[in-house]
Amino acid sequence: WLATKADDITAGDLRKIWKGLFFCFWHSDKIPVQMELAARLSYLVYSLPQKVALIYYEVFLDTMAREWSGIDRLRLDKFMSLVRVFLNA
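What comes next is a walk through the structure. Since we're looking at a predicted model, the values are computed, not measured.

### As for helix H4 (residues 76-88)
Thought 1: The end-to-end C-alpha distance of H4, which contains 13 residues, comes to 18 Å, matching closely the 18 Å that a straight helix rising 1.5 Å per residue would cover.
Thought 2: Within H4 the residues assigned to the buried category are Lys 78, Phe 79, Ser 81, Leu 82, Val 85 and Phe 86. Across the axial projection of H4, the buried residues extend over an arc of 155°, all falling on one side. Exposed residues on H4 whose side chains face more than 90 degrees from its buried face are Asp 77, Leu 87 and Asn 88.

So, in structure tokens, the structure goes:
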């Protein structure tokens, strides 16, 4: 869906999407589910046009920076793995 709407998508739209994706990841419980979701979210960059992919990546980093202080110690490893997968993508 995101790749088809790439011409009309704004950074504000991606912020809203990433807010939802953040909490989707927040609620993923099992490690295999977390790793698959992290991989899907990070590899989405490759299916987007370069301009949108850059905004997608920037908004991901903004979302992590904004929400990081609210992550409890039980979920910290989960989000560290998400950031690692994104940086490796």
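### Quick word on the nonpolar core
Inside soluble globular proteins, nonpolar side chains tend to come together where they are buried.
Thought 1: Among the nonpolar cores identified, the biggest contains 24 residues, and Trp 18, Leu 41, Tyr 56, Phe 79, Leu 82 and Phe 86 are the most heavily contacted of them.
Thought 2: Of all the secondary structure elements, the ones that give two or more residues to this core are helix H1 (11-26), helix H2 (31-43), helix H3 (50-67) and H4.

Reading guide: rules and limits
Each chain carries its own residue numbering, running from 1 in the written order of its sequence. In keeping with the predicted nature of the model, local features appear solely for residues at pLDDT of at least 70, side-chain atom pairs appear and are counted solely at 80 or more, and the whole-chain, interface and lining totals rest on all residues. Heavy atoms from the whole structure form the basis of all side-chain values; hydrogens and water molecules are not counted. Put simply, DSSP marks the helices as runs of H or I at least four residues long and the strands as runs of E at least two long, and each gets a number from the N terminus on. For a helix, the expected span equals 1.5 Å multiplied by the residue count minus one. Only protein chains enter the accessibility calculation, which uses a 1.4 Å probe; a residue is then buried when its area is under 20% of its type maximum, exposed when over 50%, and partly exposed in between. Directions from the helix axis toward the C-beta atoms define the arc. Buried Ala, Val, Leu, Ile, Met, Phe, Trp, Tyr and Cys residues form a nonpolar core when they are joined through side-chain atoms within 4.5 Å.

Spatial relationships are all this shows, so hold off on functional conclusions.
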